[in-house]
Amino acid sequence: MADEEMKAQVSTDPPPPPPPTAEEKSDDSKAVVVVEIGCGDGLFSIDWLDNPPAEEKSVPKSIDRDIALAQVETDKKLSMIKAWEESEKAKAENKSQKKLSTITSWENSKKADYEAELKKIEEKLENKKAEYAEKMKNKIAMIHKAAEEQRAAVEAKRGEELLKAEEAAAKYRATGQTPKQGCSCFSS
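All figures in this text were calculated on a predicted structure; none of them were measured in a lab.

What counts as what
Residues numbered from 1 in each chain as written. Predicted model: local features only at pLDDT ≥ 70, side-chain atom pairs only at ≥ 80, totals over all residues. Heavy atoms only, no water. Helix = DSSP H or I, 4+ residues; strand = E, 2+ residues; numbered from the N terminus. Buried < 20%, exposed > 50% of the residue type's maximum accessible area, 1.4 Å probe, protein only. Contact = heavy atoms within 4.5 Å. UniProt positions renumbered as here; feature names shortened; annotations may be inferred. Salt bridge = Lys/Arg side-chain N within 4 Å of Asp/Glu carboxyl O.

Participant: Describe in detail the overall build of the protein chain, supporting the description with residues and values.
Facilitator: Along its length, the protein chain carries two helices and two strands. Secondary structure elements of the protein chain occur, N-terminal to C-terminal, as α-β-β-α. Taken over 188 residues, the protein chain has a buried fraction of 2%. Excluding contacts between residues fewer than 6 apart, the proportion of contacts in the protein chain whose partners are at least 24 apart in sequence is 19%.

Here's what the structure looks like:
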């Protein structure tokens, strides 16, 4: 039961106050300076006090400062290298995009040229087809005209032969003679 009271007492204690922010810090003679240094993948935090801890008293302040300055210099170099790398990557990307754009415009230009040539050829073929169809229609019309002329000639000759036969029949009637039947192979 005593354990439960202690647990209840521990859990009801208010949490410790958070560390003061930069704005809340008073102007103490022993101010804390926090420096965050980025190195590669992680960040390191170094706290300097006007009076460093006992184990750090053996290292002079100038060495700590030199180490921090070297770290800052290294970080500066790394950030410059990273900026240069990003710049080079952007240049490479822009260059490739420009080349791809040039290739696409060249392709579209060539496609348009060949499509225009294809249209011209199709037009020529359509014109030739129309001319050939017109020629064929003209030939058909000429054949029809020739056939009509031959029919008219046959009709005219038939009419003449009928007239000739009627005249011969009238002559035979008038004379009373009968027509001579010759060999059918010699009759025309």
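Participant: A description of the UniProt feature "coiled-coil region" (unreviewed entry) in the protein chain should follow, citing residues and the corresponding values.
Facilitator: Under the UniProt annotation, the feature "coiled-coil region" (unreviewed entry) is placed at residues 111-142. Each end of residues 111-142 is marked by a C-alpha atom, and these two atoms are 46 Å apart; helix forms 100% of the span and strand 0%.

Participant: Let's hear about the pattern of salt bridges: which residues, and what values?
Facilitator: Counted by the stated rule, this structure contains five salt bridges. A salt bridge links Arg 151 to Glu 148, with the shortest nitrogen-to-oxygen separation between them at 2.9 Å. Of this pair, Arg 151 and Glu 148 both sit in helix α2 (residues 61-175), separated by three residues, roughly a single helical turn. For Arg 151, a relative accessible area of 47% corresponds to the partly exposed category. With relative accessibility at 39%, the residue Glu 148 sits in the partly exposed group. Of the charged contacts, one joins Arg 158 and Glu 155 as a salt bridge, the two residues approaching to 2.9 Å between their closest N and O atoms. Taken together, the residues Arg 158 and Glu 155, both in helix α2 and three residues apart, mark about one turn of the helix.

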